[in-house]
Structure formats: structure tokens, C-alpha cells
Amino acid sequence: MTLNHIRRGSGSPLLLVHGLGAGWRSWAPILDELAERREVIAVDLPGFGETPPLTGEVSIATLTDSVADFIREQGLDGVSTVGQSMGGRMVLELARRGVGGDTVALDPGGFWSDRELVVFGATLRPSIALVRALRGMLPALLGSSVGRTLLLAQLSARPWALSRETVLPDVRGLADSPATGAAMDALTKGPKQQGAPAGTVPGRVTIGWGRRDLVTLPRQAARSTELFPDAVLHWFERCGHFPQWDVPHEATRLILDSTD
């Protein structure tokens, strides 16, 4: 399968891997700023955006396989990778496999305790069901600061301060993407993230975490650096689960400063 993708800018290539939501458009708040310095390649994972779903098993492993295959097909060996949420977990998995170069994982999944995993599924699944039920009303609801606060309190530290244009693609993606349910199953029913012993990853590893993340909780950051001892941890203050929403300029600086 060839992943749908966009390329913008010039310079050293940077591969962006999204989480649940809008596909490559999830990076829209920071895409242009990144492209001022780098060649940015942003993919739609299988079943998101304009890439068709996988025909076989959907798991973190098979989704990561699709990105590894894309890297090989596009001649991007050693490319720096950036992922957020599920995508953050996937770029760490690529690094664990020795694929790619420098790695930046923003609020990655996979580091929860058993209890936290139950809470994650029990809170996010109803949220997805709600946005599906409200699909036709989403533009109007997200056009209001009150609507954004009610719908996005789990995802953003300051949802009332965001614009509709920033959040609508990801919220629509949660509602519309054919792989949302299968990816949620992969996250909640599949294995947790494995780690990489010191000295085994192909480049620098940076993990960014929002202090106010209510999806992948801040205490999970300590587990991520235990499993990836080469990683440098960066805290985003006043930030929830989407750094590209809440602190776009800081997220851009971290990505550019942490990758070659």
C-alpha cells in the first residue's frame, strides 16, 4: 500500500505521522512553519485521510509496518520522524526497530498502566461516539468557545482559545475515518509499547509531553523514559494532548531543534 502524503518545503526531510483524527491535516497548525526550514512529508495512515484501510489485521505493528514500507519505497532511509499520540507511539516503535533517524514523539500512547488503559478507552470511546452523533453540527459547535470547551476539554488545555479551523479537521477525522474504531482497538487491546535499550536507537530521541494531557497522562512520561533511556523529555506547560493546537510555536521549535 502506498500512503497518501503531501510534501512541502525544502531542506532535510522530516516525516510527520499523525494520531487519531484528520490524517496529515492534523499537522496543519505547524506545517507551514516547519516547511520554512525543512522538506516536510506528512502521511495519511491506512484508513485515515485519503489512504484506504488495511485489508488485514489492524495493529500498532501493522500500521508501523506501513510507515516503514513508505520510508523504504520513498528512499527516505535515515529520515527524521515526528509523531503525535498514536503517531508518537509509532515513531518510537520505528526507532526501536532501528528505522529512521532522529525521533520526536509528542504525547505518545502505549505507556499507560492497566488501570489507565481502561480509563482511556472508557472516556475516549464515548467522546468519539458523541462527535459522530453530532457530525452535522460540528462546524457550528466548534465555532463557539463554549462548544469547543464542552467537546474538547479532554484534548486541549485551553479549548476556548483555539480556532474552529485548527480543531475541526481532527474532530471530523475522529467521526469519519474508517479506521478510527480499529485503531482504538489496537491501542486498547493490543500490547503496550516496548522499549529500546540504551545505545540501540538510530538517532536522537525526544519525547514531548503536555503537563495537562488528559489522554496520555503526564505520569506516563516517566515510563516512556525508563523504556527509552536515550530519550530527552521536554515538558509543554499549559498544554493538553495536542501540542500543535495548544503550543504550536513551541512544538515547532522543539521539532526543528531536535532533528537534523
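Fair warning: this is a prediction, and the values are worked out from it, not measured in the lab. (Residues numbered from 1 in each chain as written. Predicted model: local features only at pLDDT ≥ 70, side-chain atom pairs only at ≥ 80, totals over all residues. Heavy atoms only, no water.)

*Asks:* What is the right way to read the overall build of the protein chain from this model?
*Replies:* When its secondary structure is counted, the protein chain shows 11 helices and seven strands. Compactness check: the protein chain gives a C-alpha radius of gyration of 17 Å against a globular reference of 18 Å for 260 residues, within 12% of the reference. Reported as C-alpha extents along the three principal axes, the dimensions of the protein chain are approximately 45 × 40 × 40 Å. Per-residue burial over the protein chain gives 54% buried out of 260 residues. Long-range contacts, defined as pairs at least 24 residues apart, comprise 74% of the intrachain contacts of the protein chain with a sequence gap of at least 6. For the protein chain, the exposed area adds up to about 10400 Å²; of that, 53% sits on carbon and sulfur atoms. Across the protein chain, the mean location of the 26 positive side-chain charges is 6 Å away from that of the 28 negative side-chain charges. (Helix = DSSP H or I, 4+ residues; strand = E, 2+ residues; numbered from the N terminus. Rg over C-alpha atoms; globule rule 2.2 N^0.38 Å. Buried < 20%, exposed > 50% of the residue type's maximum accessible area, 1.4 Å probe, protein only. Contact = heavy atoms within 4.5 Å. Areas by Shrake-Rupley, 256 points an atom, 1.4 Å probe, with all protein chains shown as cover. Lys, Arg positive; Asp, Glu negative; His and termini not counted. Charge placed at Lys NZ, Arg CZ, Asp CG, Glu CD.)

*Asks:* I tried to follow the packing of aromatic side chains on my own but got confused; where do I start?
*Replies:* With the rule as written, the count across this model stands at three aromatic pairs. Measuring from ring centre to ring centre gives 4.6 Å for tryptophan 112 and phenylalanine 120, while their planes differ by 25°; the resulting arrangement is stacked. For the pair formed by tryptophan 112 and phenylalanine 120, the shared burial category is buried. Ring centres of phenylalanine 242 and tryptophan 245 lie 4.1 Å apart, and the angle between their planes is 10°; this geometry places the pair in the stacked category. Judged on exposure class, the residue phenylalanine 242 and its partner tryptophan 245 are both buried. (Phe/Tyr/Trp six-rings, centres within 6.5 Å; stacked < 30°, edge-to-face > 60°.)

*Asks:* Just to check I follow, could you spell out the packing of helix α1 (residues 28-35) against helix α11 (residues 248-258) for this structure?
*Replies:* When two helices pack together, their arrangement is given by the angle between the helix axes and the distance between those axes. At a minimum axis separation of 10 Å, α1 and α11 run at an interaxial angle of 45°. With respect to their mutual orientation, α1 and α11 come out oblique. In the crossing of α1 with α11, the sense of the turn from one axis to the other is right-handed. In this structure, α1 uses Pro29, Ile30, Glu33 and Leu34 to contact α11, whose residues at the interface are Pro248, His249, Thr252, Ile255 and Leu256. For the contact of α1 with α11, the per-class residue count stands at six nonpolar, two polar and one charged. (Axes fitted to C-alpha atoms, helices over the stretch in contact; angles between N-to-C directions. Parallel < 35°, antiparallel > 145°, perpendicular 65-115°, else oblique. Left-handed = near helix turned anticlockwise from the far one by under 90°. Nonpolar A, V, L, I, M, F, W, Y, C, P; charged D, E, K, R; others polar.)

*Asks:* Honestly, the sheet that holds strand β6 (residues 205-210) in this entry has me stumped. Any pointers?
*Replies:* Sheet strands pair via backbone hydrogen bonds, and the direction of the pair is either parallel or antiparallel. In spatial order, the strands read β1-β3-β2-β4-β5-β6-β7; together these seven strands make up an open sheet with mixed pairing. Looking at the sheet topology across the chains shown, the edges are occupied by β1 (5-8) and β7 (232-236). Ignoring strand direction, the axes of neighbouring strands in this sheet form an average angle of 15°. Sitting on the sheet, helix α2 (residues 60-73) is in contact with β1, β2 (13-17) and β3 (39-43), with an inclination near 160° to β2. (Pairing = 2+ DSSP bridges.)

*Asks:* Could you clarify how one ought to interpret the pattern of salt bridges in this entry?
*Replies:* It is possible for side chains of opposite charge to pair when their charged atoms get near one another. For the structure on display, the rule yields 17 salt bridges. Two residues, glutamate 39 and arginine 7, come together in a salt bridge whose shortest N-O distance is 2.9 Å. Here arginine 7 lies in strand β1 and glutamate 39 lies in strand β3, a separation of 32 residues in the sequence. A salt bridge links arginine 204 to aspartate 260; the shortest N-O distance between them is 3.1 Å. In this pair, arginine 204 is assigned in the loop between α8 (180-189) and β6 and aspartate 260 in the segment after α11, connecting sequence segments 56 residues apart. Taken together, the shared-partner salt bridges in this structure form one network comprising Asp65, Glu93, Arg96 and Arg97. (Salt bridge = Lys/Arg side-chain N within 4 Å of Asp/Glu carboxyl O.)

*Asks:* Help me understand the environment of leucine 138 in this model?
*Replies:* Here leucine 138 shows up in helix α5 (residues 138-142). Sequence spacing of leucine 138 and leucine 168 is 30 residues, and the spatial spacing of their C-alpha atoms is 7.5 Å. Aside from chain neighbours lying at most four places away, what touches leucine 138 is Val131, Leu151, Leu168, Val171 and Arg172.

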